[in-house]
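Structural features, examined
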Amino acid sequence: MGLARHSQQMPCLLSCLLLLSLLSLGSAVVDPTWTQLDAPGTHEDLVHPCLRICQKGDQRVCFYKLTVEHYSTMGEACGDCPFTPGDCGRPGCVAADGMTRKLVTANRRLSGPIIHVCQGDEVEVEVENRLEVEGTSIHWHGIHQHGTPYMDGVPHLTQCPILPGDTFKYKFTAHEPGTHYWHSHSGFQRTDGLFGSLVVHQAASTDPHAHLYDTDLPQHLLVLTDWLKDLSHILYDSLHLAPDEDKPHNILVNGKGPYQAFKKGREEEAFTPLHEVTVTPGTRHRFRVMSNSVRNCPIVVSVDQHKLLIIASDGHPIQPVEVESFTIYGGERWDFVLTADQDPGAYWMKFQGVMHCGTRHKSAYQVGVLRYEGAKGYPGSVKRMTYLSTIRKGYTINTMDAAPGDLTFLTAAEVRALTPAQDDIARAPDHTFYLTFDFYMDKSTSHIKVQMNGITFVLPPAPPLSQPESINASAFCSAEDRGECGDEGVCSCTHLLSVDMDSLVEVVLVDQSYVNHPFHIHGLAFYVIAMGQLGDEATVERFQELDAAGEVQRNFDHPPLKDTVTVPSGGYVVIRFFANNPGYWLFHCHLSFHVEMGMSLVFRVGDDSMLPPVPEGFPRC
């Protein structure tokens, strides 16, 4: 599937790929199929042998190298950026939004290298840690690691951290097709820049939506992130002292997005580059969007004068829905088809942040340019763009803090999968868990922390997956067996929920923090069965009352299959999954500060006898 959909377009697309392969980093000439294709190393991504039109039976070994190090935006490599626009794309230049700050990069890029493979490929990624004093690890978000649980990338849970100066090679099979992404799962490294895209393409004959679009180009991949003014640990440490300083000031699109004008003298001014994409008139283009949102920054995505046909969520195909906009939460991925059927020209792509990116804080937003082939210039003045000008009215999907039932939008729970759920999804679950979560102040550290069912999560001292003998059983706990608790009645331990292999599990998430949270599961995918609001009484007891009265409407008719879903503020979400992948799988809020505060737990699926052997030479700690 990777590059094209119909045979009559093959010559054009293959010639475009050839032109892309001829690009050089220092060249001022940019192929029109991807304007401003100037991130360091991008030319290597686009000529990688695994970026190809996928064919049944053509499986390959795909090797990538990630070199992780501390770096800086607007460093010496950026020369006279942005006054000399070509300098912003020089090798080693991370211009970002023009504000100078430290960050963590892979291969000195923001966002990091793109990984495009075909379903069934064997993926090998060598990660070299050049950080001075920090361990690192990489999670392959959306890849379930069937048979390779040791490659899931959670330090002290599925592997030992990659120590400074060390190298580790991840090896796994790309079983799950769709739009995914990779990111560090160590500390705040993801927040500070260590993330990138991971797309598993399909052969056209296996893609149920193949007839809906003509092109599926890597140039139409959008990696979104909210952006902070400083290293995250600095902002986190002062969170209780200056509660607004940790809020994002900007949103980046594929690592780009100006924040303020640079001035030289009295008159000359310039901006760091916007992200731009090019489309072909009359053509249906598949776009893939992923959110690396690190604070609570849902992002509303729209394109002026174009409708978006939503066709997939978290890598899973859905029944198509045409909208004016959609909202994406941290860890989510949504795919849409855009038909280039407007007057040839340039149009704004708009990305409006809400919640912690909204008007109560710093009004973070961004724009990009969607340009028809041959069109010149911008749709308007970058200087005149404002937060309010990024609002797009009309039918929308995945609205923040909304309950089902409104005819102007669809929630994630109302989306319908393209294929029905497993036959026995509606039977009585083998395990049912009610999980509440809220914030509290840890008096011993003066840090805000999170409890889930009275437990603040901490990672174990060694990976139970590979070193169970190194862990005392007292390190684990659950709501039923919490041991001794602190003054706040909150325990700190490795929160573990054990479920039987192949069992049906129902989880009811109840938000008592009155802030929405996107929850992500590793190693599995879940069906979103129900979603709603609880008003002023967000408790398990209130949910159970509504459930007993028949007011919680569980949907078993083509429920959407996802791995990330947001829980509405003061509301609930009901998910179900089949525990068919043995291992220790993290389940957590995907907002990085909340993970560090302890908003996580582990599902242990099956027992250790069901695990594959520990890889030979696997690091110990």
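The structure under discussion appears in the preceding block.
About the cut-offs
Residues numbered from 1 in each chain as written. Predicted model: local features only at pLDDT ≥ 70, side-chain atom pairs only at ≥ 80, totals over all residues. Heavy atoms only, no water. Helix = DSSP H or I, 4+ residues; strand = E, 2+ residues; numbered from the N terminus. Rg over C-alpha atoms; globule rule 2.2 N^0.38 Å. Buried < 20%, exposed > 50% of the residue type's maximum accessible area, 1.4 Å probe, protein only. Contact = heavy atoms within 4.5 Å. Areas by Shrake-Rupley, 256 points an atom, 1.4 Å probe, with all protein chains shown as cover. Lys, Arg positive; Asp, Glu negative; His and termini not counted. Charge placed at Lys NZ, Arg CZ, Asp CG, Glu CD. Pairing = 2+ DSSP bridges. Salt bridge = Lys/Arg side-chain N within 4 Å of Asp/Glu carboxyl O. Disulfide = S-S within 2.5 Å.

1. With respect to the overall build of the protein chain
Tallying secondary structure elements over the protein chain gives five helices and 36 strands in all. What you see for the protein chain is a C-alpha radius of gyration of 23 Å, in line with the 25 Å of a compact globule of 621 residues. Projected onto its principal axes, the C-alpha positions of the protein chain cover 65 × 50 × 50 Å. When each of the 621 residues of the protein chain is scored for burial, the buried share is 60%. Expressed as a percentage of contacts within the protein chain between residues at least 6 apart in sequence, the contacts between residues at least 24 apart total 76%. Accessible surface, the protein chain as shown: approximately 22800 Å² in total, 51% of it carbon and sulfur. Distance from the positive charge centre (46 side chains) to the negative charge centre (73 side chains) of the protein chain: 7 Å.

2. Some words on the sheet that holds strand β18 (residues 325-328)
A sheet is described by the order of its strands in space; here seven strands give the open sequence β13-β21-β20-β15-β18-β22-β23, paired in mixed fashion. Only two strands of the sheet have a single partner each, and these edge strands are β13 (276-279) and β23 (409-410). In terms of strand pairing, strand β15 (residues 299-303) meets strand β20 (residues 346-353) through five bridges, oriented antiparallel. Across the sheet, Val301 pairs through a bridge with Phe351, a residue of β20.

3. As for the pattern of salt bridges
Scanning the entire structure with this criterion turns up 34 salt bridges. For Glu269, the salt bridge is made with Lys383, and the minimal N-O distance between the two is 2.9 Å. With Glu269 in strand β12 (residues 268-270) and Lys383 in the loop between β21 (365-372) and β22 (396-397), this residue pair connects regions lying 114 residues apart in the sequence. Residue classification places Lys383 among the exposed positions, given a relative accessible area of 54%. By sharing partners, the salt bridges in this structure join Asp207, Asp216, Arg286, Arg288 and Asp335 into a single network.

4. Some thoughts on the pairing of strand β30 (residues 517-521)
With five of its five residues buried, β30 lies for the most part within the structure. Residues His517, Phe519 and Ile521 line one face of β30 and the alternating positions Pro518 and His520 line the opposite face, and both faces are buried. Taken together, the four bridges between β30 and strand β33 (residues 564-567) define a ladder with antiparallel strand orientation. Among the inter-strand pairings, His520 is bridged to a residue of β33, identified as Thr564. Taken together, the three bridges between β30 and strand β35 (residues 583-589) define a ladder with antiparallel strand orientation. Following the sheet pairing, His520 is matched in β35 by His588.

5. Looking at the state of the cysteines
This model, assessed by the stated rule, comprises seven disulfides. Across a sulfur-sulfur distance of 2.1 Å, Cys78 and Cys93 are joined as a disulfide pair. Residues Cys78 and Cys93 share a disulfide whose torsion about the S-S bond is about 100°; that sign makes it right-handed. Of this pair, Cys78 sits in the loop between β1 (61-72) and β2 (102-106) while Cys93 sits in the loop between β1 and β2; the two residues are 15 residues apart in sequence, bridging distant segments of the chain. One exposure class covers both Cys78 and Cys93, and it is buried. The disulfide partner of Cys81 is Cys88, and the S-S distance across this bridge is 2.0 Å. The chirality of the disulfide connecting Cys81 with Cys88 is right-handed, given an S-S dihedral of about 95°. Each member of the pair, Cys81 as well as Cys88, is classed as buried. Not engaged in a disulfide, the cysteine Cys589 finds its nearest cysteine sulfur in Cys297; these two sulfurs lie 13 Å apart.

6. A look at unusual backbone geometry
Between Cys81 and the following residue, Pro82, the backbone shows a cis peptide bond with an omega angle of 5°. Mapping Pro82 onto the fold places it in the loop between β1 and β2. The peptide bond linking Leu110 to Ser111 adopts the cis configuration, its omega dihedral lying at -10°. Within the fold, Ser111 resides in the loop between β2 and β3 (115-118). With a phi close to 50°, Met74 is a non-glycine residue in the positive phi region. Structurally, the position occupied by Met74 is in the loop between β1 and β2. The exposure class assigned to Met74 is buried, which follows from its relative accessible area of 17%. A positive phi angle, close to 55°, is found at Asp314, a residue other than glycine. When you line up the elements, Asp314 lands in the loop between β16 (308-313) and β17 (316-323).

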